[in-house]
Amino acid sequence: MAALIQAHTLSKIYNRHQADEVRALSEVTFSVEAGEAVVLQGPSGSGKTSLLSLIGCMTRPTSGQLRIGEKEVSRLPEPFLARVRRETFGFIFQQLNLLRDLSVLDNILLPLYPADLKTAEMHSRAERVLEQLNLLEKQRMKVAQLSGGEQQRVAIARALINQPEIIIADEPTAHLDSTLSKELLVILEHLKKDGKTIVFATHDPYVYQHRLVDRRFSMHDGVLRKAE
Amino acid sequence: MLLNPGILALLLGCSLAFAMLLYAAWLGLRILSRWDPQSSSEAQLQLERRTYLVSTLTNYAFSFEILSGLLFIFTLEDIHSLFIGAMCATGTLNANQIGWLVLLIKIVLFFTAAIWVHFNRLDQRTEDTPLVRPKYLGLLLLTPLVGLDLLLQYSYFTGLQPEIITSCCGSLFTLGSDSVASELAGLPVEPTMLTFFLAAGIFLILLVLCLSSKLALFRYLLFVASLGLFFVSLAAIVSFISLYIYQMPTHHCPFDMLQANYGFIGYPLYGGLFIGCLYGLLPGLAQLLPKTLSLHIEIEKTERRWLLRAFFAIVIFLLIVAGPILLGPFILLSY
Amino acid sequence: MQRSLAFGAYLLFSSLLLALLLYSGRQQADTVAEHYFPANRQLVKQLGLTDLSIWSEARYTRHPSQADLFTAFQDYPGAFDHFPAGSIIGPGCLQGSPSLSFQKRGQP
Amino acid sequence: MSARLKILEHALASMARRKQKNFAIIAVYTLTVATLASILFLTQALRNEAANVLLGAPDLVVQRLLAGHHDLIPKQYAEQIAKLPGVGKVTPRVWGYYYDSLKKVNFTLLGVNDASEPPLLAGHLPTSGRQCALGRGIADTYGVEIGDSLVLVDSKNRTLLYEITGLFSHQSSLLTNDLILLPEAELRRFFALPDSQASDLAVQVYNEQEVSTLAKKIKHQLPDTRPIGKMEILHTYDTVFNWRSGIMLTIFSSALIAFCILAWDKATGISAEEKREIGILKAIGWETSDVLLLKFWEGLAVSLSSFLLGTIIAYLHIFFFGAGVLGPVIQGWSVLFPKFDLTPAIDLYQIFALAGLTIIPYIACTVIPSWKNAVTDPDSVMRS
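Residues numbered from 1 in each chain as written. Chains lettered and ligands numbered in written order. Predicted model: local features only at pLDDT ≥ 70, side-chain atom pairs only at ≥ 80, totals over all residues. Heavy atoms only, no water.

A. Inspection of the overall build of chain B at higher detail. Each helix and strand counted, chain B has 11 helices and 0 strands in total. Starting at the N terminus and walking to the C terminus, you meet the elements of chain B as α-α-α-α-α-α-α-α-α-α-α. The buried share among the 335 residues of chain B stands at 56%. Long-range pairs, those at least 24 residues apart, make up 77% of the contacts in chain B between residues at least 6 apart in sequence. Accessible surface for chain B amounts to roughly 14100 Å². Of this, 72% is attributable to carbon and sulfur atoms. (Helix = DSSP H or I, 4+ residues; strand = E, 2+ residues; numbered from the N terminus. Buried < 20%, exposed > 50% of the residue type's maximum accessible area, 1.4 Å probe, protein only. Contact = heavy atoms within 4.5 Å. Areas by Shrake-Rupley, 256 points an atom, 1.4 Å probe, with all protein chains shown as cover.)

Here is the structure:
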């Protein structure tokens with residue numbers, strides 16, 4: 001069986017041919033099987049985020065190939081990348097990136113707006129994830145009124161609403177205290193049990209030493225190595 | 001020059017549309033010269049993003065150009081009272097020589113702009129965007145046409161002198177004078193009617209054939225039939241449809257039916273004809289596009305919708321035409 | 001969903017209001033056309049009036065259609081101010097010019 | 001619910017969250033639309049009024065020109081004109097101006113012969129030498145009523161008193177606002193006009209089609225005259241109001257331009273917060289075209305609601321509140337300005353033209369800014 005994510009000599013160079021050229025990734029080759037939980041560790045500025053946004057179809061590589069499932073995505077035009085992003089990935093960002101003045105429900109539904117779904121289907125999906133993350137009672141509240149942990153769960157709910165195969169989490173515990181970090185990993189463990197593939201970037205030892213992690217990679221100056 | 005609000009709106013809108021198109025065409029030129037779908041460079045990404053700007057600009061500009069046709073006719077109707085002898089838009093159009101030319105360009109623009117917009121939408125749905133080059137070449141050709149439209153409109157409106165005594169539809173579309181218009185009006189009713197319904201029949205049959213078969217030939221034939229139907233219908237409107245609408249044996253004006261006295265019936269009538277013919281043209285034209293797989297899939301998906309739209313529009317058009325002929329008290333054929 | 005409904009309702013309401021205003025205007029215009037226009041036309045006919053009495057500050061604004069050929073700003077009946085100054089400079093006050101006055105009933 | 005509607009829903013939600021900014025834009029936009037619409041409605045109504053009322057004007061007015069001046073016309077001209085075939089009655093008219101230097105108004109003094117009661121007059125027309133009838137505007141300005149007396153100073157500096165016997169009703173204000181009617185004989189005495197001459201001649205023509213032919217004939221027979229046809233009179237008003245509204249639209253278009261600059265500025269200078277939001281939307285799977293649609297909806301919501309609101313305000317302003325704000329602009333230096341009690345003369349065409357004048361510029365100046373926002377890099381949210 002082919003791997004779910006297959007990267008072959010991926011490179012990403014920002015501001016190419018300019019004075020401030022940055023080589024964020026150089027010739028990264030790796031693959032992730034379906035159902036795996038993979039961690040990228042490394043100091044900040046090492047290229048973790050760049051790799052995550054490449055895998056998550058947010059930008060295109062400068063060179064190299066990337067396959068997500070059966071689809072070659074490294075040369076896709078932006079609108080099709082957005083479609084892949086919408087259908088395949090759920091994102092948990094370092095800064096949550098919620099719209100604070102909107103209700104929990106509205107925030108969760110946002111990724112579904114561009115898709116042509118029936119309203120009933122949208123709401124039943126929302127109900128399912130809200131229940132799963134224990135947010136049902138809070139769905140009408142504004143995000144700004146919630147506690148940090150609840151906001152964290154809203155962000156996860158939003159990542160799950162489009163029923164993604166792959167969850168991408170960029171430093172998910174960076175702003176959390178140890179209790180919340182623990183809670184987050186419990187949720188992620190559940191997701192993994194449900195068959196989701198998870199790709200993290202983190203430099204928090206609590207995360208990369210957690211039992212749910214299958215494989216670890218370390219990044220340094222845009223180069224990926226297998227971590228010991 | 002007449003400072004009429006409608007004229008100001010037309011000139012302002014057309015200038016803005018032209019300015020937007022000029023910018024779009026310039027962007028299009030840059031896209032054309034540097035487009036490289038194989039590259040994943042930052043520059044190519046910027047170009048891809050520019051295509052959105054180009055299509056947004058052109059969508060707005062072309063939508064306005066199409067609306068401006070309506071506003072143009074509306075304005076002609078409104079200012080006809082300023083011209084001695086003008087009883088409807090025909091009189092205003094006759095006030096100087098450019099009027100009819102402006103109308104012609106507006107009709108051409110309606111079709112070309114609508115075709116461009118539809119093909120652009122097709123292209124944007126494909127992953128490999130095979131139409132980028134033909135699309136932007138087309139844009140470069142359309143932009144001067146919009147400029148010409150603006151220029152002619154400007155000189156038409158500035159050239160309008162309210163004192164001019166113009167000939168109106170009464171005198172333009174009467175039998176016996178020596179012009180294209182009077183020849184149209186003078187077409188014998190019975191054969192014209194026959195030709196018209198024949199053309200409409202052929203169009204509808206081809207439409208059904210296209211819906212049931214994938215043969216390219218039918219689409220080409222439908223293209224020809226749409227063109228034919230369009231011109232035959234215009235002739236038929238002057239020759240006999242107008243007579244039935246006005247219930248008068250000598251009133252051949254193609255514009256009076258847009259006025260409130262006739263319940264604005266002209267708008268659905270012309271709307272049905274224009275939209276029907278447009279969607280009849282599209283499937284044939286789509287056959288001429290490069291045959292890439294992605295495009296082929298998209299065409300198959302959308303074509304059915306085009307054909308159905310053409311069908312309904314023409315049916316509405318025919319119903320409006322046939323209504324007064326079959327149900328009205330006015331009988332022309334016995335004259 | 002609620003917001004688009006509310007917005008749609010607002011648009012519908014205001015277009016209806018506008019349509020209603022236009023319609024009532026048309027009705028009003030019809031009544032006026034039936035009653036006051038004929039009366040006014042009759043008045044115009046009987047008194048032989050030629051112009052609307054909107055601007056009375058100068059002869060050429062009081063009777064635009066009858067004005068002299070030589071009047072400032074005026075080349076032919078119906079020509080209009082072409083000097084923007086006309087809208088900035090008001091008529092001057094002449095010394096010793098007459099004025100209009102009234103005497104109330106019963107006063108000497 | 002289709003994707004488009006859902007995006008509309010979000011557009012409205014995000015506008016509701018930025019009330020102040022959007023309220024400011026809608027307020028200014030509405031004001032601009034209301035101003036333009038008021039101008040359009042007012043001039044259109046005046047045009048309509050003139051076209052309908054002045055249909056009763058004399059078919060031909062014949063004036064005499066002397067050295068380019070409008071001069072008195074000999075009454076014998078009337079007899080000559082009356083002999084032309086197709087000419088009905090020829091009525092010598094006697095009228096003149098009386099300038100009030102305090103109020104800076106020219107009143108129109110008109111001589112009447114025919115004492116039969118005209119419509120829209122309270123009281124009766126002057127019959128004896130010491131009576132007069134007045135327009136509503138004068139009566140209102142000076143606070144007089146029937147029974148009071150008008151004091152005029154004639155050309156020989158004599159003070160004369162005229163008892164007011166008739167007042168015109170306000171429905172005829174657009175015609176009679178500044179009129180002072182005196183018996184013709186009295187007016188001749190007042191202005192010291194010779195009996196053999198008149199101000200001009202009102203000529204009745206049996207066949208309307210013949211007016212211009214007759215005008216030519218009169219001009220040929222009496223070369224020092226100037227005939228003015230009824231069509232010319234009507235035409236004058238059509239052009240005057242077309243021109244006035246055009247001029248004012250052109251002037252007020254600067255307001256429109258100022259508004260467009262505001263709209264452009266607001267659309268370009270979106271806050272960091274908004275920019276982040278668009279980044280989030282793109283990151284979680286919105287396409288550029290979805291964001292463009294979002295912006296389109298926002299623009300549509302702003303422009304449609306302002307347009308409708310502005311048009312309604314303009315309508316109420318002109319036809320319910322007598323053009324209170326705009327009146328003075330048209331009024332110019334007029335002191336005796338008729339109270340507008342205008343009849344609406346608007347149709348869909350005016351509404352369309354207005355929509356074209358106000359919505360298109362707004363759309364044109366928000367296209368590029370909204371595209372700039374829509375192409376925000378989706379990964380911008382990951383690297384902040």
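B. Molecular detail of the overall build of chain C. In terms of helices and strands, chain C carries 2 helices and 1 strand. For chain C, the sequential pattern of α-helices and β-strands runs α-α-β. A total of 108 residues make up chain C; the buried ones form 42% of that total. Taking the intrachain contacts of chain C between residues at least 6 apart in sequence as the baseline, contacts between residues at least 24 apart amount to 3%. If you sum the accessible surface of chain C, you get close to 6100 Å²; carbon and sulfur atoms cover 64% of it.

C. The arrangement of the sheet that holds strand S2 (residues 22-32) of chain A in detail. All names here are of chain A. Spatial strand order, S2-S1-S4-S5: 4 strands in an open sheet with antiparallel pairing. Whereas interior strands pair on both sides, the edge strands pair on one side only; in this sheet they are S2 and strand S5 (71-72). Sheet contacts for helix H1 (residues 48-55): strand S1 (5-14), S2 and strand S4 (63-68); angle to S2, the most-contacted strand, approximately 55 degrees. (Pairing = 2+ DSSP bridges. Axes fitted to C-alpha atoms, helices over the stretch in contact; angles between N-to-C directions.)

D. Quick peek at helix H11 (residues 293-327) of chain B. Between its terminal C-alpha atoms H11(B) stretches 50 Å, which fits the 51 Å expected from 35 residues at 1.5 Å a residue. At Thr302(B), H11(B) shows its maximal bend, which comes to roughly 30 degrees. (Expected span 1.5 Å × (residues − 1). Bend = angle between axes of the 7 residues up to and from the residue.)

E. Quick look at the packing of aromatic side chains. Residue and element names in this part refer to chain B. On inspection of all chains with the given rule, the structure shows 37 aromatic pairs over all chains. Consider the rings of Tyr-23 and Trp-26, whose centres lie 6.3 Å apart with planes at 20 degrees: the pair is stacked. One end of the pair is Tyr-23 and the other is Trp-26, both in helix H1 (residues 5-34) and 3 residues apart, which spans about a single turn. Within the aromatic cluster, the residues linked to one another by ring pairs are Phe-110, Phe-111, Phe-230, Phe-231 and Phe-274. We note Lys-106 situated over the ring of Phe-72; from NZ or CZ to the ring centre the distance is 5.8 Å. (Phe/Tyr/Trp six-rings, centres within 6.5 Å; stacked < 30°, edge-to-face > 60°. Lys NZ or Arg CZ within 6 Å of the ring centre and 35° of its normal.)

F. How the structure looks around the interface of chain D and chain A. Taken together, the contact between chain D and chain A spans 26 residues of the former and 33 residues of the latter. When the buried surface of chain D facing chain A is broken down by residue, Lys6(D), Ile284(D) and Met382(D) rank first, second and third, together holding 26% of it. Applying the counting criterion to the chain D and chain A interface returns 3 salt bridges. When the shortest N-O distance is used, the salt bridge between Arg86(A) and Glu287(D) registers 3.6 Å. (Buried area = accessible area lost by both parts, 1.4 Å probe. Salt bridge = Lys/Arg side-chain N within 4 Å of Asp/Glu carboxyl O.)

G. Main features of the domain arrangement of chain B. All names here are of chain B. As assigned here, chain B comprises domain 1 (1-167) and domain 2 (169-335). On the side of domain 2, 29 residues touch domain 1, which itself brings 27 residues to the contact. Buried area between domain 1 and domain 2, summed over both chains or domains, comes out near 2400 Å², and the portion from carbon and sulfur atoms is 78%. If you look at where domain 1 meets domain 2, you find 1 salt bridge. Residue Arg-125 pairs with Glu-298 through a salt bridge whose shortest N-O separation is 3.3 Å. At the boundary of domain 1 and domain 2, one finds 2 residue pairs in polar contact (both at pLDDT 80 or more). (Domains from an automatic or database assignment. Polar contact = N/O pair within 3.5 Å; in protein donor to acceptor, adjacent residues only side chain to side chain.)

H. Looking closely at the pairing of S1(A). Residues and elements named next belong to chain A. With 7 of 10 residues buried, S1 is to be regarded as a mostly interior element. Across 7 bridges, S1 lies against S2 in antiparallel orientation. Paired with Leu-10 across the bridge in S2 is Val-28. Pairing of S1 with S4 involves 5 bridges; the strand directions are antiparallel. Within S4, the residue paired with Gln-6 across the bridge is Arg-67.

I. Representation of the sheet that holds strand S7 (residues 166-170) of chain A within the structure. Residue and element names in this part refer to chain A. Overall, mixed pairing links the 6 strands, which are arranged S6-S7-S8-S3-S9-S10 in an open sheet. Bordering the open sheet on either side are strand S6 (89-92) and strand S10 (223-226), each of which pairs with just one other strand. Across the sheet, the mean angle from the axis of one strand to that of its neighbour is 20 degrees, orientation sign disregarded. Of the strand pairs in this sheet, strand S9 (residues 215-220) and S10 are connected by 4 bridges, and their pairing is antiparallel. Of the residues in S10, the one forming a bridge with Ser-218 is Arg-225. Strand contacts of helix H6 (residues 178-193): strand S3 (37-41), S6, S7 and strand S8 (197-202), with the helix running at about 150 degrees to S8, the strand carrying the most contacts.

J. Geometry of the pairing of strand S5 (residues 95-100) of chain D. Residues and elements named next belong to chain D. Extensive coverage of S5 is indicated by the burial of 6 of its 6 residues. Where burial is concerned, the two faces of S5 agree: the one with Trp-95, Tyr-97 and Tyr-99 and the one with Gly-96, Tyr-98 and Asp-100 are both buried. Both S5 and strand S6 (residues 105-112) contribute to a ladder of 6 bridges, which runs antiparallel. Bridging from a neighbouring strand, Tyr-98 pairs with Phe-107 of S6. Joining the antiparallel neighbours S5 and S6 is a turn of 4 residues, in which Lys-104 adopts a positive phi near 60 degrees.

K. Fine view of the nonpolar core. Counting residues in each nonpolar core, the largest one holds 280 residues, and the members touching the most others are Leu51(A), Phe119(B) and Phe41(D). Not counting the four nearest positions on each side in its chain, Phe41(D) is found in contact with Thr311(D), Ala314(D), Tyr315(D), Ile318(D), Phe319(D), Ile346(D) and Ile351(D). One finds Phe102(C), Phe107(D), Leu109(D) and Leu193(D) within the second-largest nonpolar core, a separate group that totals 24 residues. (Core = buried A, V, L, I, M, F, W, Y, C linked by side-chain atoms within 4.5 Å.)

L. The arrangement of the pattern of salt bridges in detail. All told, the structure shown has 33 salt bridges over all chains when counted by the stated rule. Where salt bridges share partners, they join Asp101(A), Arg17(D), Arg18(D), Lys21(D), Glu274(D) and Glu277(D) into one cluster.

M. Structural view of the side chain of Asn40(C). With respect to the element layout, Asn40(C) can be found in helix H1 (residues 2-47). Setting aside chain neighbours within four positions, we find Asn40(C) in contact with Val53(D), Leu120(D), Gln171(D), Ser172(D) and Leu175(D).

N. A look at the environment of Leu131(B). Residues and elements named next belong to chain B. Position of Leu-131 among the secondary structure elements: in the loop between helix H4 (98-124) and helix H5 (132-158). A C-alpha to C-alpha distance of 7.7 Å links Leu-131 and Pro-290, two positions 159 residues apart in sequence. If we ignore the near neighbours within four places in the chain, the residues touching Leu-131 are Phe-119, Asp-123, Leu-289, Pro-290 and Leu-295.

O. The confidence of the model for chain C, seen in detail. All names here are of chain C. In this model, chain C carries an average pLDDT of 70, and 64% of its residues clear a pLDDT of 70 or more. No element of chain C has a lower mean pLDDT than helix H2 (residues 59-62), which averages 70, and none a higher one than H1, which averages 85. Note on residues 82-96: pLDDT under 50 across the span, and 19 contacts to partners over four residues away in sequence or across chains. Model confidence for the complex: the whole-complex pTM is 0.81, and ipTM, which rates the interface, is 0.82. (pLDDT = per-residue confidence, 0-100.)

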